[in-house]
Amino acid sequence: MTDQNATSAAGADTPGRRAPAHRRVLGALFIDFGNDRGPEDEQRPPRARYECVPCNYRSHVVTGAAAVTAFVETAADTHRAVCPSRQENHQ
C-alpha cells in the first residue's frame, strides 16, 4: 500500500506554490561583458555567442559593444527560423 500524500524531494510541493513544470533547455546565449579597466593588455571587448541544444548549432563569436547588443536582441529568433530540429518537429 502506498501513501498518496508522500512525494519525493524533487517533486515536493511547497504550500502556496505550484509544482515546477518540466522544462528543457533549447538554447543558450553566452555573454562576456568584457573589461575596459586596468592595463591595456588586460582589457577585452564585450563578446557573445549562441548555441542551440537540439541541433548542436554554435554561432560565431560576436565582438564589440554595438555588435553584441544587436546580436543579443536577434540571435535566438534568427536561429529558430532556420533550425533543422524545429523544422523536423514542425514547431
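Residues numbered from 1 in each chain as written. Predicted model: local features only at pLDDT ≥ 70, side-chain atom pairs only at ≥ 80, totals over all residues. Heavy atoms only, no water.

A look at the overall build of the chain
And step 1. When helices and strands are tallied, the chain shows two helices and four strands.
And step 2. Listed by position from the N terminus, the elements making up the chain come as β-β-β-β-α-α.
And step 3. Relative to its full complement of 91 residues, the chain shows a buried share of 16%.
And step 4. Restricting to contacts in the chain with at least 6 residues of sequence separation, those with at least 24 account for 31%. (Helix = DSSP H or I, 4+ residues; strand = E, 2+ residues; numbered from the N terminus. Buried < 20%, exposed > 50% of the residue type's maximum accessible area, 1.4 Å probe, protein only. Contact = heavy atoms within 4.5 Å.)

Considerations on the packing of aromatic side chains
And step 1. Overall, the coordinates contain zero aromatic pairs when judged by the stated rule.
And step 2. Residue placement shows R49 over the ring face of F30; its charged tip is 4.2 Å from the ring centre. (Phe/Tyr/Trp six-rings, centres within 6.5 Å; stacked < 30°, edge-to-face > 60°. Lys NZ or Arg CZ within 6 Å of the ring centre and 35° of its normal.)

Looking at helix α1 (residues 65-82)
And step 1. An ideal rise of 1.5 Å per residue puts 26 Å on 18 residues; α1 measures up with 26 Å between its terminal C-alpha atoms.
And step 2. Of all bends in α1, the biggest is about 50°, found at T74.
And step 3. Every buried residue of α1 is accounted for by V68, F71, A75 and H79.
And step 4. Buried positions along α1 lie against β1 (27-32), β2 (47-52), β3 (57-58) and β4 (62-63). (Expected span 1.5 Å × (residues − 1). Bend = angle between axes of the 7 residues up to and from the residue.)

Concerning the side chain of H79
And step 1. Position of H79 relative to the elements: it lies in helix α1.
And step 2. Overall, H79 belongs to the buried group, its relative accessible area being 7%.
And step 3. Non-local contacts of H79, meaning those with residues more than four positions away in its chain, are made with Y50, C52, C55 and Y57.

A word on the nonpolar core
And step 1. By size, the foremost hydrophobic cluster in this structure holds eight residues: A48, Y50, C52, V62, V68, F71, A75 and C83.
And step 2. For this core, the elements supplying multiple residues, two or more each, are β2 and α1.
And step 3. Apart from residues lying up to four places away in sequence, C83 is in contact with C52 and C55. (Core = buried A, V, L, I, M, F, W, Y, C linked by side-chain atoms within 4.5 Å.)

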